[in-house]
Amino acid sequence: MKDGPHIARVAALIGDNARADILTALMADRALTATELAGIAGVTKQTISGHLAKLLDAGLVEVDAQGRHRYFRLAGRDVAHLLESLMGVAFRTGAVRLRSSPREPALRKARVCYDHLAGELAVAAFEAMLMRGWFAARVGELSLTGAGRAAFEAIGVDVSVPGSSRRPVCRMCLDWGERRHHLAGGVGAALLQRMYAAGWAHRQKDSRVVVLSAEGEKAFREVFLLD
């Protein structure tokens, strides 16, 4: 007897090269048009319509209509978490692109993972937070401590999450490049937004890469005691 969710359909959808490129592009938590996604996936506008229809039907993406324009984005953080986990498995098993992209080192250093920071800096920062007691980590569970709440508030990071929200205050997300965890959840997202607001970093155009200024990286390291 076969019980539980039927994963074959979702796996088959993600397994298509063009649809995998579409989903990866939407990992940057930025809504894109069908035309933009067609360029990324290397397919025609007619073909992209078919791919997007399948992803919409499966609940992997959502669409927002604004006038004549339709903007596509991932359907939720669970989809982003699934994709990031798949990237980790792909990296571990050697399923990487034949040609190294010039952006690859930058992606490894700092990038957007849906709505929070990922990469070498994010992993190092999270491990420093754990060592300093900002979080209490148990098997499958992460909680923000009083010391952590005070530390984040001191640097202007809003750690409050509405009580009605289904989003966790904090959680661990496995980093595909480092094979260790970085910080996700409401606090992870708030930290990244604070980095943008403080001028420490900005998103590279049409990419998941997060670029830190010299002063921004210095400040980031000083806050999290990475040096």
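Under an unreviewed UniProt entry, the name given to the chain is Winged helix-turn-helix transcriptional regulator, and the source organism is Denitromonas halophila.

Peer 1: Help me out: how do you make sense of the packing of helix α2 (residues 17-25) against helix α3 (residues 34-41) in this one?
Peer 2: Look at α2 against α3: their axes get within 9 Å of each other, and the N-to-C directions meet at 120°. Judged by the inter-axis angle, α2 sits oblique to α3. The hand of the α2/α3 crossing is right-handed. Touching A18, D21, I22 and A25 of α2 are L37, I40 and A41, all from α3. Partitioning the contact of α2 with α3 into residue classes produces six nonpolar, no polar and one charged.

Peer 1: Where do I start with the pattern of salt bridges in this structure?
Peer 2: Should the charged atoms of two oppositely charged side chains come close, the side chains can pair. For the coordinates displayed, the defined rule picks out 10 salt bridges. A salt bridge links R9 to D57; the nearest nitrogen and oxygen atoms lie 2.5 Å apart. With R9 in helix α1 (residues 8-15) and D57 in helix α4 (residues 45-57), this residue pair connects regions lying 48 residues apart in the sequence. Here E217 ties to K109 by a salt bridge, and the two come within 2.9 Å at their closest N and O atoms. Residue E217 is found in helix α10 (residues 214-224), and its partner K109 is found in helix α6 (residues 104-109); the two are separated by 108 residues along the sequence.

Peer 1: Would you mind showing me how to read the pairing of strand β5 (residues 135-138) here?
Peer 2: Bridge count for β5 against strand β6 (residues 141-144) is four bridges, and the pairing is antiparallel. Of the residues in β6, the one forming a bridge with R138 is E141. Turn length for the β5-β6 hairpin, with the two strands adjacent in sequence and antiparallel, is two residues, and the turn residue G140 shows positive phi of about 70°.

Peer 1: Sorry, what's going on with the state of the cysteines here?
Peer 2: Structurally, a disulfide amounts to a covalent bond that connects the sulfur atoms of two cysteines. Applying the stated criterion across every chain yields a total of zero disulfides. Summary of cysteine pairing: C173 is not part of a disulfide, and the nearest cysteine sulfur, belonging to C113, is at 4.0 Å. The exposure class assigned to C173 is buried, which follows from its relative accessible area of 0%.

Calculation rules
- Residues numbered from 1 in each chain as written.
- Predicted model: local features only at pLDDT ≥ 70, side-chain atom pairs only at ≥ 80, totals over all residues.
- Heavy atoms only, no water.
- Axes fitted to C-alpha atoms, helices over the stretch in contact; angles between N-to-C directions.
- Helix = DSSP H or I, 4+ residues; strand = E, 2+ residues; numbered from the N terminus.
- Parallel < 35°, antiparallel > 145°, perpendicular 65-115°, else oblique.
- Left-handed = near helix turned anticlockwise from the far one by under 90°.
- Contact = heavy atoms within 4.5 Å.
- Nonpolar A, V, L, I, M, F, W, Y, C, P; charged D, E, K, R; others polar.
- Salt bridge = Lys/Arg side-chain N within 4 Å of Asp/Glu carboxyl O.
- Pairing = 2+ DSSP bridges.
- Disulfide = S-S within 2.5 Å.
- Buried < 20%, exposed > 50% of the residue type's maximum accessible area, 1.4 Å probe, protein only.

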